[in-house]
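The lines below spell out each chain.
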Amino acid sequence: MKLLKNNKFNMFLYISAVAFLCYYALEVSCSNYLFNGWLYTPVNIICMGAVISLVYLFARRWWIASSVTSVLTVVLSFINYYTVKFKGQPVSTQDIHNAGTALNVLDSYKFEIGIPILVVMLLGFLLLLLILKMRKTEKKKKLVPELVKTAVIPALVFLFTFGMFFSENSVKPKLTIVWSWKEAYQKYGFIPETIEI
C-alpha cells in the first residue's frame, strides 16, 4: 500500500500505461489485435516509453510529454489505417515525399469508419483520462531532478535503441520485410518496422 502512495511509482505506472495504449493504437491501425509475442510486445512498449522520455526532455512535465506523444500516435494511427486500406501497406517515411500527391487525390477516396478507427478512438479517450490523472499527480511534487533527466534519459534511450535495433547482435533482425509486410509488422510491431524503413 505504501508503494501505491509513492508519486514516482504512480508516475511510472501512468507512463507505462500511456506507452502501452500508444503502442496498441499503432498495432490496431495495422489490423494487429493480438500483440507481437512475448519478446516484441515489451520492445514496442519500451520504444513508446523512450519516445515519451525524449519529449519529456523538452516538455519538462510527464503529462505534457505523454499528451504530445499520445496525440501524435493517435493521428499517426488514423493515417496509417487509411494508408493500409487505400495503398495496401503501412505508412512510411517515403510517404512524406508523396504527401502532395496524396492530398491532391484525397477527395476521390471514401473514408469509412471501421472497427480499428473506433478502437483507436477508444484508446485515445483512455489516454486522455490517464493524462488528466497524471497531471494531478505531477502537480503535487517535482519528481526528477534536472541533472538526472538531462543526463540519464538520453543515455538510456540511446542504449536501448542501439541494443534493440542497431548493434551487431540486435534483438530485432536487420531486414525483416521481404515480400509480406503483414508478417513482419505482426511479428515485430509498427515501431521496429518503421525504424527499418
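It should be noted that the structure appears before, not after, this text.
Residues numbered from 1 in each chain as written. Predicted model: local features only at pLDDT ≥ 70, side-chain atom pairs only at ≥ 80, totals over all residues. Heavy atoms only, no water.

Overview of the environment of L13
Inspection of the secondary structure assignment puts L13 in helix 1 (residues 7–29). Taking the C-alpha atoms as reference points, L13 and M134, separated by 121 residues in sequence, lie 9.8 Å from one another. (Helix = DSSP H or I, 4+ residues; strand = E, 2+ residues; numbered from the N terminus.)

Focus: the packing of helix 1 against helix 2 (residues 37–59)
Helix 2 packs onto helix 1 with a crossing angle of 115° between their chain directions and a minimal axis gap of 8 Å. The angle between helix 1 and helix 2 falls in the class roughly perpendicular. For the element pair helix 1 and helix 2, the recorded crossing hand is right-handed. Of the residues in helix 2, those in contact with I15, S16, V18, A19, F20, C22, Y23, L26 and E27 of helix 1 are T41, N44, I45, M48, G49 and I52. Of the residues that constitute the contact of helix 1 with helix 2, the class distribution is 10 nonpolar, four polar and one charged. (Axes fitted to C-alpha atoms, helices over the stretch in contact; angles between N-to-C directions. Parallel < 35°, antiparallel > 145°, perpendicular 65-115°, else oblique. Left-handed = near helix turned anticlockwise from the far one by under 90°. Contact = heavy atoms within 4.5 Å. Nonpolar A, V, L, I, M, F, W, Y, C, P; charged D, E, K, R; others polar.)

Digging into a nonpolar patch on the surface
Taken together, the side chains of L122, F125, L126, L128, L129 and L132 present a nonpolar region at the surface, about 550 Å² in accessible area. Note that L132 resides in helix 6 (residues 115–140). (Patch = residues over 30% accessible without salt bridge, like charges linked within 9 Å, V, L, I, M, F, W, Y side chains within 5 Å. Areas by Shrake-Rupley, 256 points an atom, 1.4 Å probe, with all protein chains shown as cover. Salt bridge = Lys/Arg side-chain N within 4 Å of Asp/Glu carboxyl O.)

Quick notes on helix 2
Side chains three or four residues apart in an α-helix point the same way, a direct result of the helix having 3.6 residues per turn. Taking 1.5 Å of rise per residue, 23 residues should cover 33 Å, and helix 2 covers 32 Å from first to last C-alpha, within 8% of that figure. Within the sequence span of helix 2, burial applies to Y40, T41, V43, N44, C47, M48, G49, A50, I52, S53 and Y56. Note on helix 2: the residue one or two positions beyond its end, R60, has a positive phi of about 65°. (Expected span 1.5 Å × (residues − 1). Buried < 20%, exposed > 50% of the residue type's maximum accessible area, 1.4 Å probe, protein only.)

Description of the side chain of T137
For T137, the position within the fold is in helix 6. In this view, T137 contacts N7, N10, M11 and Y14; residues no more than four positions away in its chain are not counted.

As for the environment of K187
Residue placement: K187 occurs in helix 8 (residues 181–188). Between the alpha carbons of K187 and N36 there is a distance of 5.1 Å; along the sequence they are 151 residues apart. Beyond its immediate sequence surroundings of up to four residues, K187 is in contact with N36 and Y40.

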